[in-house]
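# Summary of the model geometry
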Amino acid sequence: MKLGMVMDPIDSIKPYKDSSFAMLLAAQRRGWSCGYFELGDLFVRDGRAFGHARPVEVRDDTTDWFTLGEPRLMPLGELDILLMRKDPPFDARYLHATQILALAERDGALVANRPAALQAVNEKLFATHFPDCIPPTLVSSREQDIRAFLDTHGEIVLKPLDVMGGQGVFRIARGDMNLGTAVELLTRNGQQWIMAQKFLPAVSQGDKRILLIDGEPVPYALARIPPSGEFRANLAAGGRGVGVPLSERDRWLCARIGPTLRAMGLYFVGLDVIGDFVTEINVTSPTCIRELDACYGLDIAGDLLDALARHRSAASAP
């Protein structure tokens, strides 16, 4: 198999916790050739997608984890599997990258996740397609709508729609004098939609990340516990990860959402679950592979690559 990986600069990652790095390790164990791309390496010429691929060798070492070879110009359609693992924000550059990858998909590469699905799915908004799975939720750019929602629920969380890692997230209680300022900042004075959700006290027991491969859940989740004095549980915000088995409710949520993910070509997805509710559906670059592997002796990246290889073989069968 010839694998391509589009990701953030590999010299800036934390290899002990990076899921894209886990995928490269798994591919290397399988004897696959691995090519590394950053967004700037992709381009289109005469209707075909190309990239400046650099061969990459990886090592499970926290100080010396990769070696890059000399770049080689190649049509992206020559790859068997092309992983799009660039972190958000989902901005114009990210969108244009998915449009380039759609040409690679047309020319024969299996792109994961599918470009059309990445274009269609906002990680916050997509959860609203499953109203029976989410807490009370509002998406609006109007302060009066958000004030009415707060009056109804007493305590809410405000989120921007296009960033990750808990950035720009506010917890607001009824009567909080900071509401107006938070709404102004997040909506850019009413020019952008934001999400408001009822605050879920169960976050103190963990914001669970559940990983799904081809619509099927890994049997364990990483419960991210907020640090003292903080309500955000994201690992990037200082949360502590604890492995937990999936509950019956977790499995119901996965069974409810998983078939839609599979049908859309969303091969690797992370559900964020607090208590009984999904709060976000992460499709761009879900993480927590390395933490769950370490807790339970799993090979999540390997399982993902095996599933993608089956899809690739089925697509190329006569």
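For the structure itself, consult the block above.
Per chain, residues are indexed from 1 in the order of the written sequence. Restriction of local features to residues with pLDDT of at least 70 applies here, the model being predicted, together with a cutoff of 80 or more for giving and counting side-chain atom pairs; totals for whole chains, interfaces and linings are based on all residues. Remark: hydrogens and water are excluded; side-chain values derive from all non-hydrogen atoms of the structure.

We count a stretch as a helix when DSSP gives it H or I for four or more residues in a row; a strand needs E for two or more, and each element gets its number in order from the N terminus. Across its full length, the protein chain carries eight helices and 18 strands. Restricting the calculation to C-alpha atoms gives the radius of gyration, and the globule rule supplies 2.2 Å times the number of residues raised to the power 0.38. Here the C-alpha atoms of the protein chain give a radius of gyration of 20 Å, agreeing with the 20 Å that 2.2 N^0.38 yields for 318 residues. Each principal axis of the C-alpha distribution contributes one length, and for the protein chain these read about 60 × 45 × 40 Å. Throughout this description, buried means an accessible area under 20% of the type-specific maximum (1.4 Å probe, protein chains only), exposed means over 50%, and partly exposed covers the range between. Evaluated residue by residue, the protein chain yields a buried proportion of 51% over its 318 residues. Residue-level accessible areas treat just the shown protein chains as cover; the underlying method is Shrake-Rupley with a 1.4 Å probe. As presented, the protein chain carries roughly 14,100 Å² of accessible surface, and 51% of it is formed by carbon and sulfur atoms. Both charge centroids of the protein chain, one from 35 positive and one from 40 negative side chains, sit 2 Å from each other. Under the convention used here, Asp and Glu are negative, Lys and Arg are positive, and both His and the chain ends fall outside the count. We put the charge of a Lys on NZ, of an Arg on CZ, of an Asp on CG and of a Glu on CD.

This next bit is on the nonpolar core. Counting 41 residues, the largest nonpolar core has Phe-37, Leu-76, Leu-82, Leu-271 and Ile-281 as its most contacted members. Elements supplying a minimum of two residues to this core: strand E4 (48-58), strand E7 (81-84), helix H2 (92-106), helix H3 (115-120), strand E13 (207-213), helix H6 (248-264), strand E17 (268-274) and strand E18 (277-282). With five residues, the single largest contributor to this core is H2. In this structure, Leu-271 is in contact with Lys-208, Arg-209, Ile-210, Leu-212, Cys-254, Ile-257, Val-278, Glu-280 and Ile-281, ignoring residues within four places of it in sequence. Core analysis: the next-biggest nonpolar cluster, separate from the first, contains 38 residues, Leu-24, Tyr-36, Trp-65 and Ala-301 among them. Residues grouped as a nonpolar core are buried Ala, Val, Leu, Ile, Met, Phe, Trp, Tyr and Cys residues, joined through side-chain atoms within 4.5 Å. Contact criterion: two residues are considered in contact whenever any of their non-hydrogen atoms come within 4.5 Å of each other.

This part is about the packing of aromatic side chains. Put simply, two rings from Phe, Tyr or Trp (the six-membered ring, in Trp's case) pair if the centres are within 6.5 Å, and we call them stacked under 30 degrees between planes, edge-to-face over 60, tilted for the rest. Taken as a whole and judged by the stated rule, the model has five aromatic pairs. Each ring, one from Trp-65 and one from Phe-66, has its centre 5.9 Å from the other, and the planes form 50 degrees; the classification is tilted. Seen in terms of ring centroids, Tyr-220 and Tyr-296 are 3.7 Å apart; in terms of plane orientation they differ by 15 degrees. Their pairing is stacked. Placement of the pair is Tyr-220 in strand E15 (residues 220-225) and Tyr-296 in helix H7 (residues 289-296), with a sequence separation of 76 residues. The exposure class of Tyr-220 is partly exposed, given its relative accessible area of 29%. On the basis of relative accessibility, which here comes to 28%, the residue Tyr-296 falls in the partly exposed class. For a ring to carry a charge above it, either NZ of a lysine or CZ of an arginine must fall within 6 Å of the ring centroid while also lying within 35 degrees of the normal to the ring plane. If you follow Arg-45 out to its NZ or CZ, it ends over the ring of Phe-50, 4.6 Å from the centre. Above the face of the Phe-199 ring, Arg-171 is positioned so that its terminal group lies 3.9 Å from the ring centre.

Another point: the pairing of E4. On a regular strand, each side chain points to the face opposite its neighbour's, so the side chains alternate between the two faces of the sheet. Here strand E2 (residues 33-37) pairs with E4 via two bridges, running antiparallel. Opposite Gly-35, over in E4, you have Pro-55 as the bridge partner. Here the rule is simple: two strands pair whenever DSSP picks up at least two bridges between them. Inspection of the sheet shows strand E3 (residues 42-45) paired to E4 by four bridges, in the antiparallel sense. By the bridge assignment, Leu-42 is partnered in E4 with Gly-51. Hairpin connection from E3 to E4: two residues lie between these consecutive antiparallel strands, with Asp-46 at a positive phi of about 55 degrees. One ladder, built from four bridges, connects E4 with strand E6 (residues 72-75); its direction is antiparallel.

Before going further, it helps to examine the side chain of Thr-284. For Thr-284, the location among the structural elements is in the loop between E18 and H7. The class for Thr-284 is buried, based on a relative accessible area of 7%. Ignoring sequence-local partners within four residues, the contact set of Thr-284 consists of Met-84, Arg-85, Lys-86, Pro-88, Tyr-94, Leu-118 and Glu-123.

Before going further, it helps to examine the environment of Phe-50. For Phe-50, the location among the structural elements is in strand E4. Overall, the relative accessible area of 7% leaves Phe-50 in the buried class. Each C-alpha atom, one on Phe-50 and one on Arg-30, is 25 Å from the other, the two residues being 20 residues apart in sequence. When near neighbours in sequence (up to four residues on either side) are disregarded, Phe-50 contacts Asp-41, Leu-42, Phe-43, Arg-45, Leu-73, Met-74, Pro-75 and Leu-76.

Attention now goes to unusual backbone geometry. The omega torsion across Pro-88 and Pro-89 is 20 degrees, close enough to zero to call that bond cis. Here Pro-89 is to be found in the loop between E7 and H2. Phi is positive for Asp-46, close to 55 degrees, though the residue is something other than glycine. Mapped onto the secondary structure, Asp-46 falls in the loop between E3 and E4. Overall, the relative accessible area of 75% leaves Asp-46 in the exposed class. Phi is positive for Asn-189, close to 60 degrees, though the residue is something other than glycine.

Attention now goes to the pairing of E7. The alternating pattern of E7 places Ile-81 and Leu-83 on one face and Leu-82 and Met-84 on the opposite face, and all of these are buried. Bridge count for strand E1 (residues 2-6) against E7 is four bridges, and the pairing is parallel. When the bridges of E7 are listed, Gly-4 appears paired with Leu-82. One ladder, built from three bridges, connects E7 with strand E8 (residues 110-112); its direction is parallel. From the neighbouring strand, Leu-82 faces E8, where its bridge partner is Val-111.

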